[in-house]
Amino acid sequence: MRTHSLTALLLLALAGSASAQTRIFVSGDAFADHKRFSGDSTESTLDVTGAGGGGGVGAQVSDRWDVRGEVQVGSTTTITEALLPPVTAFQSRSRNRITAYSALVGFSPAVTSHVRFTVLGGVSFLHVKTEVDSIPAGLVIVQHTSIDNVASPTVGVEVPIMIGSNLAVVPALRVQSFELRTDGTNGFAIRPGVAVRWIQ
């Protein structure tokens, strides 16, 4: 609830800022969801790649600066491990999903009529859901679900390429660093992708 409230406040602030500006933009994106977790080497670290999608709204406050809010929803990814190697019939299963609500500032050091390079920085509020169970169900592993809501520093880059007066294709990258509160695991979410952006 706290994450959703902060995101709503951010979007309201962006809307208020954009009302005094000449250009606002709305984006939708798809990305590869690379998750790299550290932890006990004897356990699954959930290092895995999936896919995801999201969107955002922002305001171009000057030729070089913009502010924006974004939501990125990763897919649920799964890791399995044999409980009694080399027997694979009995396995532990860990499923993980990360949703990011981000407030970012963008700076474009060089601007041309059709292409600009933008660096981004800000903070993300991550909702991380992890489920652990066994295959078949009901083995020695007790099924449990953990939920983490953590703040994460976020950086990124993107290269908006104008293909019309109001439309751009945007190759992009977001990187988030975090530490989970439930077990102290830390890691990175690395999300390269491409967006379609409408600029008013």
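Check the entry above for the structure.
An account of the accompanying structure is given in this report. Everything numeric in this text was worked out from a predicted model, so none of it was measured.

Moving on: the overall build of the protein. Within the protein, the secondary structure is distributed over one helix and ten strands. Relative to its 200 residues, the protein shows a buried fraction of 36%. Carbon together with sulfur atoms contributes 63% to the accessible area of the protein, which is approximately 10400 Å² in total.

Time to look at a nonpolar patch on the surface. Together, V115, I161, I163, L167, V169, V194, V196 and W198 make up an exposed nonpolar region whose accessible area comes to about 650 Å². Of all the secondary structure elements, the ones that give two or more residues to the nonpolar patch are strand 9 (167-179) and strand 10 (186-199). No other element matches the three residues that strand 10 contributes to the nonpolar patch. V115 sits in the partly exposed class, given a relative accessible area of 35%.

Glancing now at empty space enclosed by the protein. Taken as a whole, this structure holds one cavity of 30 Å³ or more when the rule is applied. One number sums up the size of the largest cavity: a volume of about 160 Å³. Taken together, 21 residues make up the lining of the largest cavity; nearest its centre are D29, E70, Q72, R174 and A195. Looking at the lining of the largest cavity, the elements that each hand over two or more residues are strand 1 (24-37), strand 2 (48-60), strand 3 (65-74), strand 9 and strand 10. Broken down by element, the residue count for the lining of the largest cavity peaks at six residues, all from strand 10. Considered class by class, the residues forming the lining of the largest cavity number eight nonpolar, six polar and seven charged.

Here we come to the pattern of salt bridges. Across all of its chains, the model carries nine salt bridges by this definition. Note that R68 and E158 form a salt bridge whose closest N and O atoms lie 3.0 Å from each other. One end of the pair, R68, is in strand 3; the other, E158, is in strand 7 (residues 144-158), and 90 residues separate them in sequence. Across this residue pair, the class does not change: R68 and E158 are buried. A salt bridge links D133 to R95, with the nearest nitrogen and oxygen atoms 3.1 Å apart.

Counting residues in each nonpolar core, the largest one holds nine residues, listed as F37, I98, A100, L126, V128, V150, F178, L180 and A189. Mapped onto this core, the elements with two or more residues apiece are strand 5 (87-111) and strand 6 (116-135). By size, the runner-up hydrophobic cluster in this structure holds six residues, among which are M162, A168, V170 and A195.

Our next topic: the pairing of strand 3. Pairing analysis gives nine bridges linking strand 2 to strand 3, with the strands arranged antiparallel. Considered in strand 3, the bridge of G58 is made with R68.

A word on the packing of aromatic side chains. Under the defined criterion, the tally for this structure stands at two aromatic pairs. Taking 5.5 Å as the distance between ring centres and 70 degrees as the angle between the ring planes, the aromatic pair formed by F37 and F178 counts as edge-to-face. Placement of the pair is F37 in strand 1 and F178 in strand 9, with a sequence separation of 141 residues.

We now examine the pairing of strand 2. Two elements, strand 1 and strand 2, share twelve bridges in a ladder whose sense is antiparallel. The residue bridging F25 from the neighbouring strand is G58, located in strand 2. Taken together, strand 2 and the strand that follows it, strand 3, pair antiparallel across an intervening segment of four residues.

Relative to the helices and strands, P192 resides in strand 10. If sequence neighbours within four positions are ignored, P192 has contacts with F31, A32, H34, A172 and L173.

Right, let's talk about the environment of V155 for a bit. Within the element layout of this structure, V155 appears in strand 7. C-alpha of V155 to C-alpha of G122: the two residues are 33 residues apart in sequence and 6.6 Å apart in space. Setting aside residues no more than four positions away along its own chain, V155 makes contact with L120, G121, L173, R174 and V175.

What counts and how
In this convention, every chain numbers its residues from 1, walking through the sequence in written order. Since the coordinates come from a predicted model, pLDDT governs what is reported: local features require at least 70, and pairs of side-chain atoms require 80 or more to be given and counted, while whole-chain, interface and lining totals use all residues. Calculated side-chain values reflect all of the structure's heavy atoms, with hydrogen atoms and water omitted. Only runs of H or I of at least four residues qualify as helices and only runs of E of at least two qualify as strands under DSSP, and these elements are numbered from the N terminus. Whether a residue is buried, partly exposed or exposed follows from its accessible area with a 1.4 Å probe, protein chains only, as a fraction of its type maximum: under 20%, in between, or over 50%, in that order. Residue-level accessible areas treat just the shown protein chains as cover; the underlying method is Shrake-Rupley with a 1.4 Å probe. Here the term patch refers to residues with relative accessible area over 30% and no salt bridge, with like charges joined within 9 Å and nonpolar side chains (Val, Leu, Ile, Met, Phe, Trp, Tyr) within 5 Å. By convention in these notes, a salt bridge is any Lys or Arg side-chain nitrogen within 4 Å of a carboxyl oxygen on Asp or Glu. Buried and open spaces are told apart on a 1 Å grid over the protein atoms alone, a cavity being a set of points where a 1.4 Å probe fits but cannot get out and a pocket being an open set with protein on both sides within 12 Å along at least five of seven lines. Residues with an atom within 4 Å of a point are the lining residues. Grid points are joined across faces, edges and corners, and a volume is the space filled by probe spheres set on the points. All amino acids are sorted into three groups, where Ala, Val, Leu, Ile, Met, Phe, Trp, Tyr, Cys and Pro are nonpolar, Asp, Glu, Lys and Arg are charged, and the leftover types, Gly among them, are polar. Here the nonpolar core consists of buried residues drawn from Ala, Val, Leu, Ile, Met, Phe, Trp, Tyr and Cys, with membership extended through side-chain atoms lying within 4.5 Å. What makes two strands pair is DSSP finding at least two bridges between them. Between 30 and 60 degrees the pair is tilted, below 30 it is stacked and above 60 it is edge-to-face, where a pair is any two Phe, Tyr or Trp rings, Trp via its six-membered ring, whose centres lie within 6.5 Å. Two residues form a contact once any of their heavy atoms are found within 4.5 Å.

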